[in-house]
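Below, each chain spelled out in residue letters.
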Amino acid sequence: MLSSPRRSPLLNRCGVRCRVALVVVGMLVLQACSVELYSNLNQRQANEIVATLMRHGIPAQREAGKDGKMTVSVQKDRFAEAMAILDESGLPKQEFQTLGDVFKRDGLVSSPVEERATMIYGLSQELSQTISDIDGVLSARVHLVLPENDPLRQRLVPSSASVFIRHRASVPMNELIPQVKMLVTKGIAGLTYDNVSVTLIPVTAAVPEFSTGEAGFTTFLGLWLHPDSLVAAMWLFYGMTAAILALAARLAYVQWYRRPGVYALDASAMPVKKT
């Protein structure tokens, strides 16, 4: 009577050890040494940061927290380069408050001075956000001076505004100064065109760099590695791949050999010993 072949204990131990080794190596390969770049971001801010860094050849990862806020991480060796690129790109963009956010009631009674200061702050936030939406503008701030004049005074102090714009050097903003001044003038009652000043600060974008350090780095499987470690990483990866394929082929052969039809064929082909 023929007995079905069983998998040897050696094969079982080899399969378990190979699987454990595969998990450990996979964790080491896939998890690079990363450091947190920015946290408490919304989805739009995180997407803008990741897209900008990827355009400069810096891999970045997003991770969502329990509160829905996003965290962006980069590799530790490229942290300084990533911060320089984001600073020159004006990212993450500032979140401005609307008049609805500024005038949220908390149950306390505000004085007239506080109400006026809150109104000026809300108008400044609204204008800053509008100017920041212009193409090429990295950041913008609007400072308003709205004096509370006494109607009995013979000489009134005029209102004024100062606009600070940080923009890309490749975008000509001088042609937009009249439109910006008109925008602020129409947004503030009693403000004249001549009392609005605009300061432009051009920013030259950094040249994308795909390597850091004196010797330079290279990528392998999405990881940035030193050239001296590239050969070892390739041998480790391809060696583990060959071991996995060999194990899969061995298991497939054992499963095929244990089929009932195979044993029936083998039993019929064996000569019957006469007693």
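Residues numbered from 1 in each chain as written. Predicted model: local features only at pLDDT ≥ 70, side-chain atom pairs only at ≥ 80, totals over all residues. Heavy atoms only, no water.

Per an unreviewed UniProt entry, the protein chain is named Lipoprotein, and its organism is Mesorhizobium temperatum.

Below, the discussion takes up the packing of helix α5 (residues 112–132) against helix α6 (residues 177–187). Packing of α5 against α6 brings their axes to within 11 Å, and their N-to-C directions diverge by 155°. The angle between the axes of α5 and α6 places the two elements in the roughly antiparallel class. For the element pair α5 and α6, the recorded crossing hand is right-handed. Contacts between α5 and α6 involve Leu 127, Thr 130 and Ile 131 from the first element and Val 180, Leu 183 and Val 184 from the second. Partitioning the contact of α5 with α6 into residue classes produces five nonpolar, one polar and no charged. (Axes fitted to C-alpha atoms, helices over the stretch in contact; angles between N-to-C directions. Helix = DSSP H or I, 4+ residues; strand = E, 2+ residues; numbered from the N terminus. Parallel < 35°, antiparallel > 145°, perpendicular 65-115°, else oblique. Left-handed = near helix turned anticlockwise from the far one by under 90°. Contact = heavy atoms within 4.5 Å. Nonpolar A, V, L, I, M, F, W, Y, C, P; charged D, E, K, R; others polar.)

Of the pockets and cavities examined, the largest pocket occupies roughly 620 Å³. Considering the residues around the largest pocket, the lining is formed by 27 residues, among which Arg 44, Glu 48, Gly 90, Leu 91 and Lys 93 are closest to the centre. At the level of elements, α2 (43–55), α3 (79–89), α5 and β4 (137–145) are the ones that each hand at least two residues to the lining of the largest pocket. Counting residues per element, the lining of the largest pocket draws most heavily on α2, at five residues. (1 Å grid on protein atoms, 1.4 Å probe; cavity = no way out; pocket = protein on both sides within 12 Å on 5 of 7 lines; lining within 4 Å. Points joined across faces, edges and corners; volume = space filled by probe spheres on them.)

With that out of the way, let us pick up the sheet that holds β4. With respect to topology, three strands assemble into an open sheet ordered β4-β5-β6, the strand pairing being mixed. Single-partner strands in this sheet number two, and they are β4 and β6 (196–203). Averaged over neighbouring strand pairs, the angle between their axes works out to 10° when direction is ignored. The pairing of β4 with strand β5 (residues 160–168) spans eight bridges and is antiparallel. The residue of β5 that forms the bridge with His 143 is Ser 162. In the packing of α3 onto the sheet, the strands contacted are β4, β5 and β6, and the crossing angle to β5 comes to about 135°. (Pairing = 2+ DSSP bridges.)

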